[in-house]
Amino acid sequence: MMDSTFGKIISKSKLKNNISKRVLESISFFTSTIELLEIRHLDGIDSIIVEYELEVPSKPKNDIREKEKLAIVIQGDDKIPRVLALRDDFPTNISHINIKETTHPVDLCLYEQTFDELKFQWSAPDFLMRIKKWLESSSTDTLHAQDQALEPFLMANGLIYYQKIKDGVIPQFITKVQPNIYRLVDANEAVSKLMTERHEFYHIIFCNVEKLHGVVNIKPNNLFELHNLLLKADIDTAKLIANYVDNIFRSDNSQELINEPFAVVLNVGLKRGDNDTHIEKNDTHFFKIDDSISSVAQKAKYLGVHEGPTIVPIVGAEFNIKDCESFSVELLNPQLDFYYFLAGLRNDNTKAQDIKITLLGVGALGSHFLENMIRQGYGKWKIFDNDKLLPHNLSRHTGVRKDIGMNKTDVLAKKVNEQIFPAEKIVESFPENILDIDDDVQSQIEDTDYIIDISTSIAVARRIVELFPKKRKLSAFLNPTGTDLVLLSEDTDNKQSLDLIEQQYYNEIYKNKELQNHLFLEQNSRIRYAQGCRDITLKINQEDVSTYSGILSKAIKKSISSNHGGIEIWSFQEDLSIAKYNFDLQSWSKYNSNGWTIYLSKEFTAMIETFRKQKLPNETGGIILGGIDVYSKKIYLVNSILSPDDSIEKRELYIRGISGVQDQLKKLSEVTNNNIQYLGEWHSHPQGCSTNMSRDDKILFSELCEEAKFRGVPTLMLIQGDRDRKLILGNYES
Amino acid sequence: MKKHIIKYYPVGNGDTSLIKLDNNVTVVTDCRIREVADDIFDVKEDLLENLEKRSGIPYTDLFILTHPDNDHCGGFSKHYYKGAPGKYDNDKEDHADKIIIDEIWVTSYIFRDDLCDDATYLKEEVERRQKLYISGDPKRNDKGNRLVLIGYDEDAKFENVPAHIPGDVVTEINGNTLENFSFFIHGPFKKGLVDAQAISDRNASSIVYQARFLDENENFLCRAMHSGDADHNRWELIKSKSEEKSNEDSLAWDIFQAPHHCSWSFFNDTPQAENVTPKESSLEILDYMETNAKVVATCKEIKNNEDNPPHFKAKQEYVKKVGESNFINSHDHFEKHDLPIVFEINDFGHTLLKKSLASATGISGGTKTPSRAG
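So, here's what we can say about the structure. Treat the numbers as computed from the prediction; the structure is a model and nothing was measured. (Residues numbered from 1 in each chain as written. Chains lettered and ligands numbered in written order. Predicted model: local features only at pLDDT ≥ 70, side-chain atom pairs only at ≥ 80, totals over all residues. Heavy atoms only, no water.)

### Regarding the overall build of chain B
In step 1: Check the secondary structure of chain B and you find 10 helices and 20 strands.
In step 2: Taking all 374 residues of chain B together, 58% fall into the buried category.
In step 3: Of the roughly 15,600 Å² of accessible surface on chain B, 44% is carried by carbon and sulfur atoms. (Helix = DSSP H or I, 4+ residues; strand = E, 2+ residues; numbered from the N terminus. Buried < 20%, exposed > 50% of the residue type's maximum accessible area, 1.4 Å probe, protein only. Areas by Shrake-Rupley, 256 points an atom, 1.4 Å probe, with all protein chains shown as cover.)

Okay, here's the thing in structure tokens:
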């Protein structure tokens, strides 16, 4: 056998191929593992026969032994050497075996790439190690990666992709997608679509077995060989075809159907052990016959011609499969289709697959972000936006021309649910404005785990704080020029709601020297991050959106997996690096007054307390800075312009000066886009004094109220004492 | 998947073995640690790599002395700590890197007067611990003070000392319940100890146990049989007692350490030339082997001559049962693979580890100190 297969024994100097010499030399490095037995040669092909000494366990899953004899067959210097396991009873029911005409010797499939890809890196020692790894991993059945398609390197004629065949569901047809590319179609789709669109299709003759030893590792060349092969698994292909033909003749359009080609599809349910009832995985094998089922059945003398072109069954005929040697069988290389679970598995997101997320806003950033997430199998999504896709959106949105005029949420839901993950409802479309949703929709959002706001609308961000106080919320947006990305995230216990985080964010950019231009937009005095997208269309382009949507999906995944909230800003630098700024969330105290809610940041209170102490025994004070939300009646105190130089600070008197105040307020307005503004005055009382208003204070306060009327907002006066402080709100309405 | 290790060091004719469980519990059986030289494996270094440390001090949960012969306790005094665990001082040259033994298993034979220096050192430590038990000192339960007698208390010196006797299944050592592991105690029987005293044959007093590695459902993954230098008489008794009590499980083995360094004494009396036929009971013990079972011979190179131990004919008897490739000699294995005999034990049973190929390929590139360049 050795002579006829591998040729005569030769000396090593007679080796023909360079690769043979490299392999042989490497074997000599590995004497404790590889023993050289023989060198043979036949018709230009060198074979090196070796024995491997392996680390395999005493109770292996597959019967690989501690010593295995192998032939390394070198067919030339431009091909990967083949590796054949020579033991007669070497197992054949393991993964990564190349399919050939016979089961033994078993042909190990070591690489997934072709030699053209591998040749730059291929080394003989690595090759020899890979053989060892192949054998040892196969012994414990750990060679196969979980999501890997079976046998990617077989000698197949085409490729078929399919979703995992579910128990009890028999696929109906194979349809040709492109030359040499096929797809398995299940019953539902076959009925609804295929028949109306009249794709080129193949009948499926389906068989299901629970266990198979080695059968599928042989490649049958023709239908008769296929029949013989499957007989080993107790499958009678002739009978299956005959039954299928009988069924066709029970239908009305038998004369059409019988002229289509067919494929034999073999599904093997693999179990872990012989006594197991649970099927661990299904392996599916596709044997395609390009001839029509009619011509095959006629050749097998099962069908005949009656009255011209009409094909009819021959009464009482047998299906003579041995006459079918002339019909060639082609193997199709099966590839798992891409579906949501697999997407998650490949990206380590299986646990995140069922996280329910509300996404508000699917414009430029939102549409890219959503695709990033769903293509890696992350989350189940409810998406909200009442915008329609317009031509100018094509500059940055993931929608395409034919989507113009559709709601953006429908564009994305259609793309995801029909074109990427058909029949899986990953995205639910809500083409409506979050600002006026009804109770039903509200409870649908309540049912999700997180709310991600990419609407770039202050109104939306503030509205969700009101509507969903208990839900963890994250808000992301680009700055007006698209150079920076901002992510504001609440922590899990919602200690600081999104509106408080937003106020802190303005204060942080005001304080940080490097972020002074963050909200600045040239040639435009009315700059707000939330302004309508049309105003900024020309400023932000696809590359900014693309870069930052990637960062954003990573950041949001990270944020969801931890409990911490925070403020994060990414900012493009001149050299195209991206700087990152992180700010921890600060705590706030809360006062209610006259129907208004007033929040004081810890930073603000600490600032005035410290400043007061420095100035003791004199009084001091300053300007209160912060944000105001007239609609929700909320005021946020975040910062202060401390006592200007020209202020008068005495033991029982304080008059705030004005030196530099105007410049500071102007800068504040520019840097924070007017989100932090003048809110009122604070001053301190000396040690041991109460924080009640003095006579002077009352006069001052009434002045402030008068002035506030002109601004149309309430005013604040704060008196800081030793331990407490008094906060008085002057309401412009009263 | 849990991963345990059992390791037999190449120490010539002698024994040092280490069991390391998945949860890092360690059991050392016997000691033969020689001065390190070119062709001598550094047992101590390997032990220190494998043993856990407590406050920087290496310790083993359990040390089993099968019997106090020099080839089973050689080097003990140099490498193991003697004295109250609290007085260990790593800065003292005499203490540095000595291993603390949390719990010691010995037989009553340890109190003989005719012991070698290393055995005497161990005896002194046993005496120290024994006194804690006799006086009921609460410190006796501390790690580093624990003592367990295996078998019969011949001279009644082990009063109050806990004991395991043949037939016991031990599921707790060093105050902790073992996970996925237990011992079955086979010996010594009282007869062995009495014989040993009578004829001054320390080998007859050997502790014999089966180490059981179990999966989550308490099924056996691997059973390793260790018997020091016990001879065919001891084994015959073990076999008959176990069978009498239907303890066949305790006789089955996946790894069998050939007793007395692959001596003929396991098969019959010595010299072999005068007792050429192996005893039936010894061969039947070997028939309790499981699939892919291995015989481990911890001895020097086995040459085809009349030397004993190791004895060439003894090896042949083992090979007849398990096949040539399943007979592993610690000397040959070290020579070929640069490794002690190491088995990894997991859900797939035991796997004998061999020389890694990685060291010869690019994988190690850059990870070793290169020679100097000029």
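Next comes the rest of the description.
### What about the sheet that holds strand β16 (residues 356–360) of chain A?
Within a beta sheet, neighbouring strands are joined by backbone hydrogen bonds and run either parallel or antiparallel to one another.
Residues and elements named next belong to chain A.
In step 1: Strand order in the open sheet formed by 8 strands is β18-β17-β16-β19-β20-β21-β22-β23, with mixed pairing between adjacent strands. Both edges of this open sheet fall to β18 (427–430) and β23 (578–583), since each of them pairs with a single strand only. For this sheet, the mean angle separating the axes of adjacent strands, direction not counted, is 15°.
In step 2: As paired strands, strand β21 (residues 484–489) and strand β22 (residues 566–572) are joined by 6 bridges and run antiparallel to one another. Note that in β22 the partner of aspartate 484 across the bridge is serine 571.
In step 3: Together, β16, β17 (380–384), β18, β19 (450–453), β20 (472–478) and β21 form the strand contacts of helix α11 (residues 364–375), whose direction differs from that of β17 by roughly 170°.
In step 4: Against the sheet, helix α17 (residues 542–561) engages β16, β19, β20, β21, β22 and β23, with an angle of about 20° to β21. (Pairing = 2+ DSSP bridges. Axes fitted to C-alpha atoms, helices over the stretch in contact; angles between N-to-C directions. Contact = heavy atoms within 4.5 Å.)

### Regarding the environment of His67(B)
All names here are of chain B.
In step 1: Its place among the elements puts histidine 67 in the loop between β6 (57–64) and α2 (70–73).
In step 2: For the pair formed by histidine 67 and arginine 202, sequence separation is 135 residues and the distance between their alpha carbons is 6.5 Å.
In step 3: The residues touching histidine 67, leaving out its near neighbours within four places in the chain, are Asp30, His72, Arg202, Asn203, Ser205, Ser206, Gly228 and Asp229.
In step 4: Here the side chain of histidine 67 touches serine 206 through a polar contact of 3.2 Å, side chain to side chain. (Polar contact = N/O pair within 3.5 Å; in protein donor to acceptor, adjacent residues only side chain to side chain.)

### Some points on the sheet that holds strand β26 (residues 621–629) of chain A
All names here are of chain A.
In step 1: Strand order in the open sheet made by the 7 strands is β24-β25-β27-β26-β30-β31-β32, with mixed pairing throughout. In this open sheet, the two strands that pair with only one neighbour each are β24 (588–593) and β32 (725–730). Averaged over all adjacent pairs, the angle separating strand axes in this sheet is 30°, with direction ignored.
In step 2: Where β26 lies against strand β27 (residues 634–642), 8 bridges are found, and the strand directions are antiparallel. From the neighbouring strand, isoleucine 628 faces β27, where its bridge partner is isoleucine 635.
In step 3: Across the sheet, helix α18 (residues 602–615) touches β25 (596–601), β26, β27, β30 (677–684), β31 (715–720) and β32, and the angle it forms with β27 is around 35°.

### Observations regarding the interface of chain A and chain B
In step 1: Between chain A and chain B, the contact holds 20 residues from the first and 23 residues from the second.
In step 2: Approximately 1,800 Å² of surface area, both sides summed, lies buried where chain A meets chain B, with 57% of it carried by carbon and sulfur atoms.
In step 3: Summed over the three residues of chain A that lose the most area to chain B, namely Glu55(A), Ser58(A) and Lys59(A), the buried surface amounts to 32% of that side.
In step 4: Joining chain A to chain B, the criterion identifies 5 salt bridges.
In step 5: Close ionic contact of Lys354(B) with Glu66(A) constitutes a salt bridge, the shortest N to O distance being 2.8 Å.
In step 6: Summed over the shared surface of chain A and chain B, the result is 11 residue pairs in polar contact (both at pLDDT 80 or more).
In step 7: No other element matches helix α4 (residues 124–139) of chain A, which puts 4 residues into the side of chain A that touches chain B.
In step 8: Its residues assigned to classes, the side of chain A that touches chain B shows 8 nonpolar, 5 polar and 7 charged. (Buried area = accessible area lost by both parts, 1.4 Å probe. Salt bridge = Lys/Arg side-chain N within 4 Å of Asp/Glu carboxyl O. Nonpolar A, V, L, I, M, F, W, Y, C, P; charged D, E, K, R; others polar.)

### A few points about the packing of helix α2 (residues 18–27) of chain A against α4(A)
Residue and element names in this part refer to chain A.
In step 1: Running from N to C, α2 and α4 point in directions that differ by 65°, and their axes come no closer than 8 Å. One element, α2, and the other, α4, form an angle in the roughly perpendicular class. Relative to α4, the crossing made by α2 is right-handed. On α4, the residues touching Arg22, Val23, Ser26 and Ile27 of α2 are Ala124, Pro125, Phe127 and Leu128.
In step 2: Taken together, the residues of the contact of α2 with α4 sort by class into 6 nonpolar, 1 polar and 1 charged. (Parallel < 35°, antiparallel > 145°, perpendicular 65-115°, else oblique. Left-handed = near helix turned anticlockwise from the far one by under 90°.)

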